[in-house]
Amino acid sequence: MYLAATSSLPLRLYQWTEQLFTDLGLPLWLLAVLVATVKAALIIGFILINVIFLIWLERKLGGHIQNRLGPVYTGPFGLLQTVADALKVLVKEDIIPAAADRWVFMAAPLVAFVPSVMIWLVVPFAPGVQARDLNIGTLYVAAMTGCTVPALLMAGWSSGNKWSLLGAFRAGAQLVSYEVPLILATLAVVMLAGSLSLNDIIRAQQESTWFIFLQPLGFVVYLISAIAELNRTPFDLPEAESELVAGFNTEYSGFRFAIFFLTEYANLLGSSAIAATLFLGGWSGPFLPPFVWFLLKTYLFVFLAMWIRFTLPRLRVDQLMNLSWKFLLPVALINVLGTGVFVAL
Amino acid sequence: MPDAAATVSGATREQDGEEVRPTAPDSEVGDLHTEEMMINMGPQHPSTHGVLRAVVTIDGERVVDVDSDVGYLHRCFEKICEKLTYHQIIPYTDRTDYLAGMTNELALVLTVEKALGLEVPRRAQFIRTIMSELQRIHSHLLWFGTFGLDLGATTPFLYAFRDRETISDLFEEITGARMMYNYMRVGGVRNDVSAAWVKKVRTFLRQFPAALREYDDLLTGNPILKARTRGVGKINARTAIAYGASGPVLRASGVPYDLRKHDPYLVYDELEFDVAWASEGDVLARYQVRLEEMRQSLRILEQALEGLPEGEYLGKAPRIIKLPPGHYYGHVEGPRGEVGCYIVSDGDRKPYRLHWRAPSFVHLQLLPLMARGHLMGDMVAIIGSIDIVMGEVDR
Amino acid sequence: MSLRKISSGSGSSQPVPALMPARVVGGAALAESAERLRQELPQLEPRIRPDGWLEIAVPRDSLLEVSSILRDRLGYDYLLLLSAVDWKEKGFQVVLHLQNLARGERLIATVDVPREDPRCPSVVSLWPTANWHEREAWDLMGIRFDGHPDLRRILLKEGWQGHPLRKDYEDHRPPRDRLPRPVR
């Protein structure tokens, strides 16, 4: 099985369960299902805990950047604020507008949420701690991030609201445009590592150096495109509240809105983890345990994204497109070309 | 709003080379049939600065036409004034442009004083000048913050409010109110300012330039801001004059017209300051003119504090004010432009008719001209740049 | 006069203002501008007001004609305010406050409008800013401006009965129930 572990405890646990299954005469595919469920639960738990922390962090950081304190009252340092907010949102009425396309409207948040969890299938948390080491890991990640577009289009289209529609179209155009430089930046890393597997990419970085030093251009392109993919300021046009009220999620409330919110932060965390893996050597690092290194590097990207959000104004639609197609794409192509020459030498 | 789409708010546009905008592309692209969409921006919308309802016709994201629907905040200000004595009107003027109460009150009392031929003590004149300029900075700071919000930058808002808070406190200390001051009186002002208060203003004057530099670092120098505002919402001088624009909107279009210079009231004649102006007439020009005005206000404040004489703060005025029959027009340079007060008197204690010239009301007419051909995102920046206050538009 | 030019750095910046406004005139210059007015419009008698404004009474029928002379020949390019007053049995009065920015001359033009026929020519074609001012005057005072491109109510909602700023306006809406004052 792919569940490998540094410590032997999970392995022993697995062997014990396998023994139990054979003793009881249960089919082994049931065991596979059980293992997959446990993995999924662990990953979703990891995401939820981190998202709760992320939202708190964003508000706290934003507060301090903006001369405020951020949340302070709920729990120590306001740490329980997100929990309180989540509870509030969950008990709110789930409003489905009369003009909405009911089923599409209800499905959209879930369609958005699932790929944001799926990304984590291939993320290496520590040596051997990975749900599944796909040999096409990076390609899989690109495919999963691409799945957000239909969800946002569904949300905007089905709401029966013109603002939502505008937001959805913006989201569609933006995500598709920024996918291209994002993948090209990843491609350069893949060329250096010679593999699509994320584990191989980390190993390649352990052998040479972190790819951020070999790929500074690629890193910048990745960073900008990733923030655009995440719909965060300065690229938060799909939900630009001063222009489009709330963009594609204008009509969402209560639980469904919470899912969109959760997705946003899960995506932020996912993108940061991938970036840390691709450019900063993933879990590898001295002294500290690998999992701590992984978290540290991930949160470095998270911090960067938040810092940018609270500093910059928003771009305009045409400028956003220009940035992607006229600047990032050529730069990414040149970067790929240069990397090709470098690898050939 | 029966035929909002059909009417183009009757704007006759001056056509000259400078103002030709990209028109909407042909609505038939090959076999693909596209339509223009009408969208209601407001009255509940984060960026319409109150309850403006703009019926926007868009082609994709491009604004084809705008029709402003105002009146959601109409409170019969002028009708109410006909039933009030002049002193009773003063607090009502605070509520027209609720972000610039001081200058509004000033417009009223100056008109009444002019009609009566009343002398105002010098100390009162200086205090009024100080209050007007503090009000200008106060109002511009709010504009700065909300303009940042319109462009999607959330941080400038809180920085601006940090400094605005200081001025609010200064106002509160003298007038007892942070927004609705009811401070000006016919013949002077309601309360005297203390030496301690003057000292606090001086401290503010010392600290504020650093804050302005901070704003420049945060927003003015930002390439995204420049890219989003340059060449957007352009209005040339001829159009601005024809549409009766005043204040920063007119000055940013290349007409350095400032009532403090051109029809001096209070003690502006004796103070040294520059009229900030720019020739581009776009959103960026209006932005920079307002920032520069804050710097000039600091200069005025410094001199006014220096020259603040001792003496009476409230001169002798008749207890019962009856304006001689006739009509009177008085105006001051408010933060948003020319605030005018037109009083018709029949000799009674109450005005026979009072008409308020609200700069925002006049400027809002320019919105379709500025916005046509630009994108939805620009629309928000343009509304922010003309700095409307709906309380004043609807009265 | 000290000016501070701010350049936002684009190419079209001009070193001098498009129009240099003058300080408002008074005294002898005022008499001079009254004289100029008299020459262009001999049929009107300009009055010099003590507050530095000129005042003319324009007959309703010749308003457009006079206005175009005011704007094109005398340079009154800036309409500050268009207002309307209800003088009860003496009819209405439309009041225009005009300014010649380049010379600093200011003028009040009044137009008498009879009560039984509250119509007045629109000056939107000359000063576009009059558009909303005239809509407001129509809305609140009930004066019809002939030739206005879009004479709708502006502050009140469509279908409002009457024009509130008229002195004889009566609110026809049914009175609302007053909430009883809470008794302690």
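The coordinates are above.
If you're wondering where the values come from, they're calculated on a predicted model, not measured in any experiment.

Draft legend 1. Representation of the environment of K79(B). Counting through the fold element by element, K79(B) comes out in helix 1 (residues 77–81). When the C-alpha positions of K79(B) and R353(B) are compared, they lie 7.9 Å apart, and in sequence the two are 274 residues distant. Excluding its chain neighbours within four sequence positions, the residues that come into contact with K79(B) are P164(C) and L165(C).

Draft legend 2. Broad picture of the interface of chain B and chain C. Taken residue by residue, the interface counts 50 residues in chain B and 45 residues in chain C. Of all elements in the fold, only helix 1, helix 8 (237–242), helix 10 (259–262), strand 8 (275–277), helix 11 (283–307), strand 10 (338–345), strand 11 (353–357) and helix 12 (359–363) of chain B reach the threshold of two or more residues within the side of chain B that touches chain C. Its residues assigned to classes, the side of chain B that touches chain C shows 23 nonpolar, 15 polar and twelve charged.

Draft legend 3. Region of interest: the nonpolar core. Ranked by internal contacts, the top residues of the largest apolar core, which has 255 residues, are I382(B), V94(C) and I143(C). Here this core takes 18 residues from helix 7 (residues 162–193) of chain A, the largest share from any one element. With sequence-adjacent residues up to four places away left out, I382(B) is seen in contact with V232(B), G233(B), V283(B), L367(B), M370(B) and A371(B).

Draft legend 4. Quick look at the packing of helix 6 (residues 195–220) of chain B against helix 11 of chain B. Residue and element names in this part refer to chain B. For the pair helix 6 and helix 11, the least separation of the axes is 11 Å and the interaxial angle reads 165°. If you check the angle between helix 6 and helix 11, you find them roughly antiparallel. You can see that helix 6 and helix 11 cross each other, and the crossing is left-handed. The residues of helix 11 that touch helix 6, namely those facing V198, V201, R202, L205, F208, P209, L212 and T220, are L291, M294, R295, L298, L301, E302 and L305.

Draft legend 5. Region of interest: the sheet that holds strand 11 of chain B. Residues and elements named next belong to chain B. Here we have three strands laid out as an open sheet, ordered 9-10-11, and antiparallel in their pairing. If you trace the sheet from one side to the other, it starts and ends with strand 9 (326–333) and strand 11, each paired once. Going across the sheet, the axis of each strand differs from the next one's by a mean of 10°, ignoring polarity. Lying on the sheet, helix 3 (residues 101–116) is in contact with strand 9 and strand 10; it crosses strand 9 at an angle near 140°.

Draft legend 6. Fine view of unusual backbone geometry. Positive phi is not limited to glycine here, since N67(A) has a value of about 70°. Looking at the element boundaries, N67(A) is found in the loop between helix 2 (28–65) and helix 3 (81–90). Given 11 C-beta atoms within 10 Å, N67(A) falls into the exposed group. Residue L266(B) is not a glycine yet carries a positive backbone phi of 45°. On the secondary structure map, L266(B) appears in the loop between helix 10 and strand 8. Its 22 C-beta neighbours within 10 Å are what place L266(B) among the buried residues.

Draft legend 7. Spatial organisation of the interface of chain A and chain B. In this assembly, 23 residues from chain A lie in contact with 27 residues from chain B. Contributing elements (two or more residues each) for the side of chain A that touches chain B: helix 11 (241–244) and helix 14 (317–344) of chain A. Across the side of chain A that touches chain B, the residue classes break down as nine nonpolar, six polar and eight charged.

Draft legend 8. Local environment of the pairing of strand 5 (residues 92–100) of chain C. Residue and element names in this part refer to chain C. Where burial is concerned, most of strand 5 is hidden: nine out of the nine residues are buried. Of the two faces of strand 5, the one carrying F92, V94, L96, L98 and N100 and the one carrying Q93, V95, H97 and Q99 are both buried. Across eight bridges, strand 4 (residues 78–86) lies against strand 5 in antiparallel orientation. The residue of strand 5 that forms the bridge with A84 is V94. In this structure, the hairpin formed by strand 4 and strand 5 is closed by a connection of five residues, where K88 is found at a positive phi of approximately 50°.

Basis of the calculations
Residues numbered from 1 in each chain as written. Chains lettered and ligands numbered in written order. Predicted model: local features only at pLDDT ≥ 70, side-chain atom pairs only at ≥ 80, totals over all residues. Helix = DSSP H or I, 4+ residues; strand = E, 2+ residues; numbered from the N terminus. Contact = placed C-beta atoms within 7 Å. Nonpolar A, V, L, I, M, F, W, Y, C, P; charged D, E, K, R; others polar. Core = buried A, V, L, I, M, F, W, Y, C linked by C-beta atoms within 7 Å. Buried ≥ 20, exposed ≤ 12 C-beta atoms within 10 Å, placed from the backbone. Axes fitted to C-alpha atoms, helices over the stretch in contact; angles between N-to-C directions. Parallel < 35°, antiparallel > 145°, perpendicular 65-115°, else oblique. Left-handed = near helix turned anticlockwise from the far one by under 90°. Pairing = 2+ DSSP bridges.

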